[in-house]
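Remarks on the overall topology
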Amino acid sequence: MARFDIVGQLGSLRRYARSLTRDGADAEDLVHDALVRAYERRGTFRSGGNLRAWLLAIVHNIFIDRVRSCRSEAARIEQAGHVAYTSAPASQDHSVRLSQVREAFLSLPEEQRSALHLVAIEGLSYAEAAEVSGVPLGTLMSRIGRARAALREMEEGARVRGKNHLRIVGGES
C-alpha cells in the first residue's frame, strides 16, 4: 500500500476546515472526525491516488453532513415550537383520571399486570406475550381477562362513589 502520510496533510485539512466552518474549534473537530473516518476507510483509498484530495473530500463530506443535520434539527425545533403553541395543557380532570387509571393498573396482582402490560401497552399478540411470560396461552388469556374485569369493577365502583359524593343538604325535595 502507498505511504499514508496524513501528518503532512494536516495543514491543508485545517485550512480547508477553517474556511468551511469559520470557527477554529469547529474546524479542529471537523479535521478530527475526518481523520477518524479516513482511518476507518483507509482500505477504500486507491494506491497511487491523490491522498490530499481524498482527505479534503472527506472533510467536505463531513461538513455537508453536519450542515444538513443542523438544518434538519432546526426544522424539528421550529416544528416543535409550532406544535407547542397549538397544544393546550391537559385539564386537571384528565390528569386526575390518568392518575386513577395508573393506580388501578398498579394495584393489580403482578401476573395480571404483567400480562395486560405486554398485550395492551407493548402491543404483543397473546401468543407472543404467553411466550415472553413463559405460561400457556390459556393462562395468559385468563390473566388478561381477570385484569380487565378487575379494572372494570374498579371503574364502576369509582362511578358509584362519584355519584354519591355530592349530596344536596336541606332545601326542597
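Owing to the predicted nature of the structure, the values given are computational and were not obtained by experimental measurement.

Okay, unusual backbone geometry next. Not every positive phi belongs to a glycine, and R22 is a case in point at roughly 60°. Mapped onto the fold, R22 is located in the loop between α1 (10-21) and α2 (24-40). By relative accessible area, R22 is classed as exposed at 71%.

What follows is about the packing of α1 against α2. Between α1 and α2, the shortest axis-to-axis distance is 8 Å and the interhelical angle comes to 130°. For the element pair α1 / α2, the angle class is oblique. The handedness of the crossing between α1 and α2 comes out as right-handed. Here L10, L13, R14, A17, R18, L20 and T21 of α1 come into contact with α2, specifically with G24, D26, A27, E28, L30, V31 and L35. Here the contact of α1 with α2 is composed, by residue class, of eight nonpolar, two polar and four charged.

Time to look at the packing of aromatic side chains. Here the structure, examined in full by the defined rule, presents one aromatic pair. For the pair F45 and W54, a centre-to-centre distance of 5.1 Å together with 50° between the ring planes defines the contact as tilted. In this pair, the class of F45 matches that of W54, namely buried. Sitting over the ring of Y39, R42 keeps its end group 4.0 Å from the ring centre.

On to the pattern of salt bridges. Within this structure, the stated rule accounts for four salt bridges. With a shortest N-O distance of 2.0 Å, R66 and D33 are connected by a salt bridge. One end of the pair, R66, is in helix α3 (residues 51-86); the other, D33, is in helix α2, with 33 residues separating them in the sequence. R66 sits in the partly exposed class, given a relative accessible area of 28%. A salt bridge links R76 to E73; its shortest N-O distance comes to 2.6 Å. With a gap of three residues between them, R76 and E73 both fall in helix α3, about one helical turn apart.

Reading the values: the criteria
- Residues numbered from 1 in each chain as written.
- Predicted model: local features only at pLDDT ≥ 70, side-chain atom pairs only at ≥ 80, totals over all residues.
- Heavy atoms only, no water.
- Helix = DSSP H or I, 4+ residues; strand = E, 2+ residues; numbered from the N terminus.
- Buried < 20%, exposed > 50% of the residue type's maximum accessible area, 1.4 Å probe, protein only.
- Axes fitted to C-alpha atoms, helices over the stretch in contact; angles between N-to-C directions.
- Parallel < 35°, antiparallel > 145°, perpendicular 65-115°, else oblique.
- Left-handed = near helix turned anticlockwise from the far one by under 90°.
- Contact = heavy atoms within 4.5 Å.
- Nonpolar A, V, L, I, M, F, W, Y, C, P; charged D, E, K, R; others polar.
- Phe/Tyr/Trp six-rings, centres within 6.5 Å; stacked < 30°, edge-to-face > 60°.
- Lys NZ or Arg CZ within 6 Å of the ring centre and 35° of its normal.
- Salt bridge = Lys/Arg side-chain N within 4 Å of Asp/Glu carboxyl O.

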